[in-house]
Amino acid sequence: MNPKQLVGEKATTYIKDGMIVGLGTGSTAYFAIMKIGELVKNGLSIKGVPTSKATEELAISLNIPLLAIEDVVKIDVTIDGADEFDANKNLTKGGGAALLREKIIASVTDFYVIIADAAKGSQFLGSFAVPVEVTAFGKEITIAQLKALGCIPKLRYKEGELLLTDNQNYIVDCKFEKIENPAQLSAQMNALPGVVENGLFAGMANVIISEDGKGSTITID
Ligand SMILES: O=C[C@H](O)[C@H](O)[C@H](O)COP(=O)(O)O
């Protein structure tokens, strides 16, 4: 089985009848959502909370009942992917530009399940550039301030156009070297006025489900 499908389906074992479930974004979360769609079809009663417009569309196509974000106070379980994870379950997310909605949803989640193939794990974060969502207004100033924190910043484009997030902001991909203290760096970036949110998720994941390259899952908790 495709490793993304393997970890995605395994993660759905944390979902129980009656739960409110955060639905992640990306090519790994896709497999968890497909499985949830199958479970719902077979009688599982849950309400989903999508982390992006793309995930919302997928969930609707699978007839997964959804909660409007304004009605969400607490989420039982969220299943989401990651671009990188370190030895302390800190994450880099936002390769698909969904980091703001993902972090808001993670912040009210009781049990946050991350699914990621083994190649995404290392001792320290830093291989993957940290995506940072910034306001359009003053973006050149914000980019200069991010650079002063020690990264090489790069405004993200898609198909020749500046990428606009679901929240109508831009993404700056910030390439740092070894990130030894993700919580501190996250706070420094979020202290910049033009930063809406950054893709470092420090101390948020309860469990990471990965795979051993031989068809078995590994649970890091
Ligand atoms: O913005 C996108 C999300 O943070 C994704 O969960 C992350 O980029 C991982 O995506 P994938 O599973 O496609 O590698």
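Residues numbered from 1 in each chain as written. Predicted model: local features only at pLDDT ≥ 70, side-chain atom pairs only at ≥ 80, totals over all residues. Heavy atoms only, no water.

Some thoughts on the packing of helix α1 (residues 3–11) against helix α2 (residues 29–41)
- Close contact between α1 and α2 brings their axes to 7 Å; oriented N to C, the two are set at 50 degrees. Put simply, α1 runs oblique to α2. Read as a crossing pair, α1 and α2 show a hand that is right-handed. Touching Lys4, Gln5, Gly8 and Glu9 of α1 are Phe31, Ala32 and Lys35, all from α2. (Axes fitted to C-alpha atoms, helices over the stretch in contact; angles between N-to-C directions. Helix = DSSP H or I, 4+ residues; strand = E, 2+ residues; numbered from the N terminus. Parallel < 35°, antiparallel > 145°, perpendicular 65-115°, else oblique. Left-handed = near helix turned anticlockwise from the far one by under 90°. Contact = heavy atoms within 4.5 Å.)

Thoughts on the packing of aromatic side chains
- Considering all chains together, one arrives at 3 aromatic pairs under this definition.
- Relative to phenylalanine 201, the ring of tyrosine 112 lies with its centre 6.5 Å away and its plane at 20 degrees, an arrangement referred to as stacked. One end of the pair, tyrosine 112, is in strand β6 (residues 109–115); the other, phenylalanine 201, is in strand β13 (residues 200–201), and 89 residues separate them in sequence.
- Here lysine 93 stacks its cationic end above the ring of phenylalanine 201, 5.6 Å away from the centre of that ring.
- A cation over a ring is seen here: lysine 178 above phenylalanine 124, with NZ or CZ 4.6 Å from the ring centre. (Phe/Tyr/Trp six-rings, centres within 6.5 Å; stacked < 30°, edge-to-face > 60°. Lys NZ or Arg CZ within 6 Å of the ring centre and 35° of its normal.)

Considering the domain arrangement of the protein
- Domains assigned within the protein are domain 1 (3–122 + 203–220) and domain 2 (130–196).
- Each of domain 1 and domain 2 has a C-alpha centre, and the two are 24 Å apart.
- At the interface, 14 residues of domain 1 touch 13 residues of domain 2.
- Interface area, domain 1 with domain 2, both sides summed: about 960 Å², of which 53% is carbon and sulfur.
- The largest per-residue losses of area from domain 1 upon contact with domain 2 belong to Ala97, Leu99 and Leu100, which jointly make up 43% of the total buried on that side.
- Taken together, domain 1 and domain 2 are joined by 0 salt bridges.
- Put simply, domain 1 and domain 2 have 5 residue pairs in polar contact (both at pLDDT 80 or more) between them.
- In the side of domain 1 that touches domain 2, the residues fall into 3 nonpolar, 6 polar and 5 charged. (Domains from an automatic or database assignment. Buried area = accessible area lost by both parts, 1.4 Å probe. Salt bridge = Lys/Arg side-chain N within 4 Å of Asp/Glu carboxyl O. Polar contact = N/O pair within 3.5 Å; in protein donor to acceptor, adjacent residues only side chain to side chain. Nonpolar A, V, L, I, M, F, W, Y, C, P; charged D, E, K, R; others polar.)

Brief notes about the nonpolar core
- Judged by nonpolar contacts, the single largest core of 21 residues is most densely connected at Ile36, Ile46, Ile64 and Ile79.
- Counting residues per element, the ones that place at least two in this core are α1, β1 (20–23), α2, α3 (53–61), β3 (75–81), β6 and β14 (207–211).
- Take this core: its biggest share by element is 4 residues, from α2.
- Not counting residues within four places of it along the chain, the set of residues in contact with isoleucine 64 comprises Leu23, Ile33, Ile36, Gly37, Val40, Ile46 and Ala59.
- Core analysis: the next-biggest nonpolar cluster, separate from the first, contains 18 residues, Leu125, Leu146, Leu155 and Leu185 among them. (Core = buried A, V, L, I, M, F, W, Y, C linked by side-chain atoms within 4.5 Å. Buried < 20%, exposed > 50% of the residue type's maximum accessible area, 1.4 Å probe, protein only.)

Observations concerning the UniProt feature "active site" (unreviewed entry) in the protein
- Under the feature "active site" (unreviewed entry), the UniProt entry names Glu102.
- If you trace the backbone, glutamate 102 turns up in helix α4 (residues 99–107).
- The residues contacting glutamate 102, other than those within four sequence positions of it, are Thr25, Thr51, Asp80, Lys93, Gly94, Tyr112 and Phe201.
- Here lysine 93 takes part through its side chain, which lies 3.1 Å from a polar atom of the side chain of glutamate 102. (UniProt positions renumbered as here; feature names shortened; annotations may be inferred.)

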